[in-house]
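Here is how the chains run, residue by residue.
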Amino acid sequence: MARIVVIGSLNMDLVVQVPRIPKPGETVLGADDLHMIPGGKGANQAYGSARLGADVAMIGRAGDDSFGEQLITNLKKACVDTHHITRDSNASTGVALIVVEEGGQNSIVVSSGANGHVSPLDISRAEAVIQSVNLLLLQLEIPLPAVIKAAQLAQHHGIKVVLNPAPAQLLPEELLSLIDILIPNETEASLLSGCDVGTDDEIKQAADKLRQFGVKTVIMTRGSRGSSLITENEIVHFPAFPVESVDTTAAGDAFVSGFAVAFAEGKSFPEAVRYGNAAGALASTKLGAQPSMPDRDALDSILQTV
Ligand code: RIB
């Protein structure tokens, strides 16, 4: 069985569907319903991995408030071990303001709240959990010192480290050198490598640059164009599963979950990337982050279609 620890953020997503994303300074009238949906990149990846059958523990922080309560309850429903989520009485639970336009594109603003208080000490306290799994999943919605500490501990214990470098930010070599598998989207890959990623040659160049920093394997997600696995010798493109997209929020998180579960189960890189593509595609067919994460049956069915 895949055993995964996710260290990252928990947010309550406040979601409004709009005819189109407003331009700066513009007001757009959206749908009457405001949806409150469990989200946060870390929690989404924990929830998504558990839905696919992995044994998952999450490390992070939520406020001592009702959003925190709801987010933890939702993770528990998917059987995520939440014992290492600290309730922080000095901060509110993270919140994401999300507008989703027709066709599924979105725009997101995050107020980090308690996520911004995750510290290297929180991570050290959970060392026993980190060393008990076969994969560590990280993103960038908690402070960098905590991310680096987690990667250091995992490497020390021989645990594979997967980093989904979202939201995009420049990263020190100190962190990149600890990453076994980096899963950026095109924007993140370009920012981190300083290269364009439009053509195969450019993608190869960007991945080579990231490998020079110490990253072992790069998998780039490319939205409706699927994803690409870039090894030292070649680029392999995996087309997206054709689906009608309603909301792309957390499609990237679903990809990471699908990939991580398959990889931790011992599947090959190409096979695990296909699992990621399938999970990402399914997640984009439903509104919201965690409610859109597919279960194993749904994933197995779509995998058989192509
Ligand atoms: O990746 C999607 C997530 O980004 C949302 O759930 C939102 O909380 C933001 O963190």
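Given the structure is predicted, the values throughout are model-derived calculations rather than measurements. (Residues numbered from 1 in each chain as written. Predicted model: local features only at pLDDT ≥ 70, side-chain atom pairs only at ≥ 80, totals over all residues. Heavy atoms only, no water.)

Caption draft 1: Region of the structure containing the pattern of salt bridges. This structure, assessed with the given rule, holds 13 salt bridges. The partner of arginine 125 in a salt bridge is aspartate 122, with the nearest N and O atoms 3.7 Å apart. Taken together, the residues span about one helical turn, with arginine 125 and aspartate 122 both in helix α3 (residues 120–125) at a distance of three residues. Residue classification places arginine 125 among the exposed positions, given a relative accessible area of 60%. Taken together, the salt bridges that share partners define one network made up of Arg61, Asp88, Asp122 and Arg125. (Salt bridge = Lys/Arg side-chain N within 4 Å of Asp/Glu carboxyl O. Helix = DSSP H or I, 4+ residues; strand = E, 2+ residues; numbered from the N terminus. Buried < 20%, exposed > 50% of the residue type's maximum accessible area, 1.4 Å probe, protein only.)

Caption draft 2: The UniProt feature "domain: Carbohydrate kinase PfkB" (unreviewed entry) in the chain, seen in detail. The UniProt record annotates "domain: Carbohydrate kinase PfkB" (unreviewed entry) at residues 1–295. Within residues 1–295, the helical portion is 34% and the strand portion 24%, while the C-alpha atoms at the span's ends are 15 Å from each other. (UniProt positions renumbered as here; feature names shortened; annotations may be inferred.)

Caption draft 3: Region of the structure containing the layout of surface pockets. As a volume, the largest pocket reaches approximately 1200 Å³. What lines the largest pocket is a set of 46 residues, and nearest its centre among them are Asn185, Gly223, Thr248, Ala251 and Gly252. Elements represented by at least two residues in the lining of the largest pocket include exactly β2 (11–18), α1 (41–51), β6 (94–101), β7 (106–111), α7 (186–193), α9 (251–264) and α10 (269–283). Residue contributions to the lining of the largest pocket peak at five residues, all from α9. Split by residue class, the lining of the largest pocket holds 17 nonpolar, 22 polar and seven charged. (1 Å grid on protein atoms, 1.4 Å probe; cavity = no way out; pocket = protein on both sides within 12 Å on 5 of 7 lines; lining within 4 Å. Points joined across faces, edges and corners; volume = space filled by probe spheres on them. Nonpolar A, V, L, I, M, F, W, Y, C, P; charged D, E, K, R; others polar.)

Caption draft 4: Region of interest: the packing of aromatic side chains. Following the criterion strictly, the structure yields three aromatic pairs and no others. Relative to phenylalanine 269, the ring of phenylalanine 259 has its centre 6.1 Å away and its plane inclined at 25 degrees; by these criteria the two rings are stacked. On the criterion of sequence distance, the pair formed by phenylalanine 259 in helix α9 and phenylalanine 269 in helix α10 is long-range, its members being ten residues apart. Classification of phenylalanine 259 as buried rests on a relative accessible area of 0%. Geometrically, the ring pair formed by phenylalanine 263 and phenylalanine 269 is tilted, given 4.8 Å between the ring centres and 35 degrees between the ring planes. Each residue in the set Phe259, Phe263 and Phe269 is aromatic and connected to the rest through ring pairs, giving one cluster. (Phe/Tyr/Trp six-rings, centres within 6.5 Å; stacked < 30°, edge-to-face > 60°.)

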